[in-house]
Amino acid sequence: MSKNYLLEDRRTNCLSCIYTTTVNEYLTLVESVYSDRGGLAGQRAPLKTKTGIRIRNRMVNDIKVGAILPPMVIGAVLTESQFSTAKNIQSDEDMSDFINKVNKDDLSIIDGMQRTTAILEANKDGQISSHPIRIEIWLSSHIDELIYRMLVLNTGQVPWDMKRQLETIYKPILTEIEKEVPNINILFIDEKERRNRTDAGQYLSERLIEYFLAFSSRKTDVDIKERVAEDFARMDATEATASKSFLPRFISSLKNMAKLDEAFTKLTSSANSIGERFESGRDIFASAPAGIGFIAAASVYIFGPPGFSYDDNDADNKTNTLSTNIENLVNVLNQKNLAELDSFLELSFLNEKLSRRSGKIGEFERDFFFKAFSTLFSYADRLTSMEPCWAAK
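Because the structure is a prediction, the values reported are computed rather than measured. Residue positions are counted from 1 within each chain, in the order its sequence is given. Owing to the predicted nature of the model, reporting of local features is limited to residues with pLDDT of at least 70; listing and counting of side-chain atom pairs is limited to 80 or more, with chain, interface and lining totals taken over all residues. Side-chain numbers here rest on the full set of heavy atoms in the structure, without hydrogens or water.

(A) The arrangement of the pairing of strand β3 (residues 72-77) in detail. Burial analysis of β3 places six of its six residues in the buried class, which makes it a mostly covered element. Type-normalised accessible area, obtained with a 1.4 Å probe on protein chains alone, sets the label of each residue: buried when under 20%, exposed when over 50%, and partly exposed for intermediate values. By the criteria applied, helices consist of DSSP H or I runs no shorter than four residues and strands consist of E runs no shorter than two, each listed in order from the N terminus. Neither face of β3 is left uncovered, since the one carrying Met72, Ile74 and Ala76 and the one carrying Val73, Gly75 and Val77 both have all their residues buried. Sheet topology places β3 next to strand β5 (residues 132-140); six bridges connect them, and they run parallel. Looking across to β5, one finds that valine 77 is bridged to serine 140. In this description, strands pair whenever DSSP reports at least two bridges between them. As paired elements, β3 and strand β4 (residues 107-111) share four bridges and run antiparallel to each other. Its bridge partner lying in β4, glycine 75 is registered against serine 108.

Spelled out as structure tokens, the structure:
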């Protein structure tokens, strides 16, 4: 086998190859990757149009008679030791043996969900299990590099919006968050019935992806529906993830939010806010606009407003300063009794301010919390209550 079996992407330090295996081996690998999410069918919206269904059926029939599909693309985040070992792979047999030993939580299907669904349908009776199939593998020892590589590769794919691109690779990101932020409990897609929070630090996986978008774009408006806005969001995220420090800074911001969430949650009921929307401390970050506002404000604090370039050393200093300020504030809050914490949070004032909303509710509230937490970050050491934050809008 040629010594160039693996190609090295020197920009991101990723390794790539295309290898041939069987349908049976591929499906075994894929089913293991998604075993905790109930299979593949729900990973991308099902085709509903008559034309789309006809194309899917044609694909299934073509596969049955031996059509060779474009390669499915799989990404793998490896340990440094695994990455070093991978550099010695010289054949399809070596790659097949290697990839089947990788922790399946560290694998993601980057491209090929619809094709995989068609393959599953075509192979219902096992009649194509021995058919050849090509897989393109991208190997990296850092999640940031894999995210960046896949965003660049998928930029021209019009049918995939930004959230979907990130959703296809969110499992490694969330795995990294779970590892680095132990006080965060991530509720995955198949756990939506548990979305009513009873404790601090519980966040839906899809909400964390929204936070990722808010952090990368430095904006609160992450409801990307217009094509132009989608392109700019993709560009923002691509540029942001080009830095190896991007994900650690995002995770640092999540840690800060989780610490503040935990401190707020100690107020189980506010005497002056019974029956109101925000009647306890945990209600603040149960609100998606509050989380998005916090993360977007953190991003602007660290990097500056959207469009401004930034210096890595300065961003590191800002990240550390923000963490220190939040840590100090949390220490102050933890020393307060419930009556003092109630007075500090000023939930009645928060409810009053939000009741005066104007324009679109979601847009108003995201902007409200963005300004509130921007104020908190700038004056954390001077706050005697949250009133100046809630009054910032």
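(B) View of the side chain of arginine 366. Along the chain, arginine 366 turns up in helix α17 (residues 361-379). For arginine 366, a relative accessible area of 16% corresponds to the buried category. In this structure, arginine 366 is in contact with Thr220, Asp221, Pro289, Ile292 and Gly293, ignoring residues within four places of it in sequence. Contacts are assigned to residue pairs with any non-hydrogen atoms lying within 4.5 Å of each other.

(C) Summary view of the sheet that holds strand β1 (residues 7-9). In spatial order, the strands read β1-β2-β5-β3-β4; together these five strands make up an open sheet with mixed pairing. Strands at the two margins of the open sheet, each flanked by one partner only, are β1 and β4. Neighbour-to-neighbour, the strand axes of the sheet open up by a mean angle of 30°, direction not taken into account. Sheet topology places β1 next to strand β2 (residues 14-22); three bridges connect them, and they run antiparallel. By the bridge assignment, leucine 7 is partnered in β2 with serine 16. Helix α4 (residues 92-99) rests against β2, β3, β4 and β5 of the sheet, and its axis sits at about 100° to β2. All axes are obtained by fitting lines to C-alpha atoms, using only the stretch in contact for helices, and the reported angles, taken between N-to-C directions, cover 0 to 180 degrees. The strands touched by helix α5 (residues 113-122) within the sheet are β3, β4 and β5, with β4 carrying the most contacts at an inclination of about 105°.

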